[in-house]
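Letter by letter, the chains look like this.
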Amino acid sequence: MNRWTPCTLTPAGRPTLAADEILHRVQTRVGLYDGQTRLPGSHEDGAAHLTSRRLLFVSAVKSPSPGQPPLAIALALADVANATLAPGFLRSSPKITLDLAWADPLPASAAAAARPPSSAKPAPWTCHVCQRVHVAPSDMTRSACADCGNARQAARACPACTFANPPSSTACAMCQSPLAPVTTAVSSVCPRCTLANTPSARACAACGLALTGETQRAVVKLSFRQGGSQAFYQALVTALRARASPSPGAVAPVAAPASAPPAPKPLGLSGIVAHQEQSQSSQREALSTAFADLDALMAKAQEMVSLSTTIASKLKQSRDLSAVDDDNDALVAEFRSAMLSLGATASLGTESGALGAKVRGDDRDRALARDLADFLAHVLPASGSQGGILALTDLYCMFNRARGVALVSPSDLWHAAGQLAPLGLPYTARELDSGARIVHTPRYADTGLFAELEAWAKEVPRDGLDAVAVAAKLGPAVSVALARQLLAHAARAGRLAVDAPSGRYFTNLFLVASAAA
């Protein structure tokens, strides 16, 4: 597990991605193995996030320390040499085995010795072919002979008298001491893709694996305890192939064959007319192609909706609603997500009872809830003297305005807001007794909200509180109508007393007297 590194999380509990990093797939109910050892604790259950550069694991087990985020670690795809999928058998869940290969960097002393001295002064050198001596300052730094053009070879220094002999010498020309035989450098073979690189290569030319230092190997396993192993494996193989293959922009351009010179462009009024005709022709061609595809899609749309309705009815008939079956629930949720991606929303999602409640809490609603939590982190600060509560109607308008054209329906937003607390996010959605729906931070639960309203009422015992004053104290995001609902909620709970004609709220003296007694 020494190749896993910690990673940061967003307020919604998602891993923070780099600017050029793309999220490919997320799978929940995944456990980690270090070799053949099953890791306990926070590694037992979590979500695996696959991106274009990393494999991330976010634990679903809450941290024992309050306020601390869950375990979040990342593994670079560059360290993955191979990936294999093993299907489940009996009580064993499917597993993906990752073979890791990496090279430890050279020590500082070895790296310094391997690097040529950058501050060494240039010295005269002799060509080993034509025996020309390069003594001019401009010739000392040449990499090839000025006469014959052969590459420069380093002179062999005598260990006895330090005389610089030619590279082909077997004995020192000064003291006749024997010189050690020259060892031929062997190619550096990559342990991942077996490419024979040049001896001086620091990284593999094919897969980019570092070749300096000693190659280390390890095995990591991902255990999928609620399905999804096949789809995750396919996405992982695709990501590994994308990293191994060169980018399209790196291909050398092919020289275009010589052709006739282009015809001169028409000028003046005829040029403007020709440009407009060309634009209209391209638009007509694009529209005809688009409508042809749309007609083909509409021809199959009714068949897809009928098929999804039939499969959904069979799934509901084969399941006993009185029993709890996680496998069937996972199957229904996966089928519903597939149908939603195709646009068939009428097949699932309108169920009632236990199945309907579980289907509404599928991956789609949880993903939307995490998007909502990331948005609320900028709108509702978790701490501060103001803010922390918002009406659902205001949140609906603000959230859809931020999403642009990817609008969310009111029912989907309410179902997603209901998933905030079960996911352990620092926000709660609830409905007051009056029917008003709000989203707030833990600070504005009933206990904290009633305590603040009572404290504000004690500051003005004669005049009392009104909705305008409470809205100003709660922050600019709270409207007067929402403040009036909160005061009425506190009055129904008996924490405040209301003067109905004036609409002002005062401290409940009966509670004060009973507390003093």
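Since we're looking at a predicted model, the values are computed, not measured.

Reading guide: rules and limits
- Residues numbered from 1 in each chain as written.
- Predicted model: local features only at pLDDT ≥ 70, side-chain atom pairs only at ≥ 80, totals over all residues.
- Heavy atoms only, no water.
- Helix = DSSP H or I, 4+ residues; strand = E, 2+ residues; numbered from the N terminus.
- Buried < 20%, exposed > 50% of the residue type's maximum accessible area, 1.4 Å probe, protein only.
- Contact = heavy atoms within 4.5 Å.
- Areas by Shrake-Rupley, 256 points an atom, 1.4 Å probe, with all protein chains shown as cover.
- Pairing = 2+ DSSP bridges.
- Axes fitted to C-alpha atoms, helices over the stretch in contact; angles between N-to-C directions.
- pLDDT = per-residue confidence, 0-100.
- Expected span 1.5 Å × (residues − 1).
- Arc of directions from axis to C-beta.
- Parallel < 35°, antiparallel > 145°, perpendicular 65-115°, else oblique.
- Nonpolar A, V, L, I, M, F, W, Y, C, P; charged D, E, K, R; others polar.

## Concerning the overall build of the protein
Part 1 of the reasoning: Assigned secondary structure in the protein consists of 13 helices and 20 strands.
Part 2 of the reasoning: Residue burial in the protein is summarised as follows: out of 517 residues, 31% are buried.
Part 3 of the reasoning: Summarising the internal contacts of the protein: among those between residues at least 6 apart in sequence, 52% fall at separations of at least 24.
Part 4 of the reasoning: For the protein, the accessible area works out to roughly 31,100 Å², and carbon and sulfur atoms hold 58% of it.

## Examining the sheet that holds strand β17 (residues 428-431)
Pairing between the strands of a sheet is mediated by backbone hydrogen bonds and can be parallel or antiparallel.
Part 1 of the reasoning: In space, the three strands of this open sheet follow the order β16-β18-β17, with antiparallel pairing throughout. Bordering the open sheet on either side are β16 (389-391) and β17, each of which pairs with just one other strand. Averaged over neighbouring strand pairs, the angle between their axes works out to 25° when direction is ignored.
Part 2 of the reasoning: Strand contacts of helix α9 (residues 410-418): β17 and β18 (437-440), with the helix running at about 120° to β17, the strand carrying the most contacts.

## Considerations on the confidence of the model for the protein
Part 1 of the reasoning: Residues of the protein with pLDDT of at least 70 account for 71%, and the chain-wide mean is 75.
Part 2 of the reasoning: Contacts for the low-pLDDT stretch residues 108-119, under 50 throughout, to residues beyond four places or in other chains number three contacts.
Part 3 of the reasoning: Per-residue pLDDT stays below 50 along residues 345-361; that stretch engages in 29 contacts with residues further than four places along the chain or on separate chains.

## Some remarks on the side chain of serine 52
Part 1 of the reasoning: Residue position: serine 52 is located in the loop between β4 (46-51) and β5 (54-59).
Part 2 of the reasoning: Among the residues examined, serine 52 registers a relative accessible area of 19% and is labelled buried.
Part 3 of the reasoning: With sequence-adjacent residues up to four places away left out, serine 52 is seen in contact with Asp20, Glu21, Ile22, His24, Leu77 and Arg243.

## Here's the deal with helix α8 (residues 392-403)
Part 1 of the reasoning: The first and last C-alpha atoms of α8 sit 16 Å apart over twelve residues, in line with the 16 Å expected at 1.5 Å per residue.
Part 2 of the reasoning: Turning to α8, its buried residues are Leu392, Leu395, Phe399 and Asn400. Projected onto a plane normal to the axis of α8, the buried residues spread over an arc of 120° and lie on a single side. The exposed set on the far side of α8, more than 90 degrees from its buried face, consists of Thr393, Cys397 and Arg401.
Part 3 of the reasoning: Just downstream of α8 lies glycine 404, where phi reads positive at about 75°.

## Quick notes on unusual backbone geometry
Part 1 of the reasoning: Not every positive phi belongs to a glycine, and arginine 29 is a case in point at roughly 55°.
Part 2 of the reasoning: Summarising the element assignment, arginine 29 is placed in strand β2 (residues 23-34).
Part 3 of the reasoning: Unlike most non-glycine residues, glutamine 176 shows phi in positive territory, near 60°.
Part 4 of the reasoning: Structurally, glutamine 176 is set in the loop between β12 (164-165) and β13 (188-189).

## Topic: the packing of α8 against α9
Between two packed helices, both the angle of their axes relative to each other and the distance between the axes serve to describe the pair.
Part 1 of the reasoning: One way to put it is that α8 packs onto α9 with a least axis distance of 11 Å and a crossing angle of 110°. Here α8 lies roughly perpendicular to α9, going by the angle between them. Only Pro410, Leu413 and Trp414 of α9 make contact with α8, whose side of the interface consists of Leu392, Leu395, Tyr396 and Phe399.
Part 2 of the reasoning: Residue classes in the contact of α8 with α9 are distributed as seven nonpolar, no polar and no charged.

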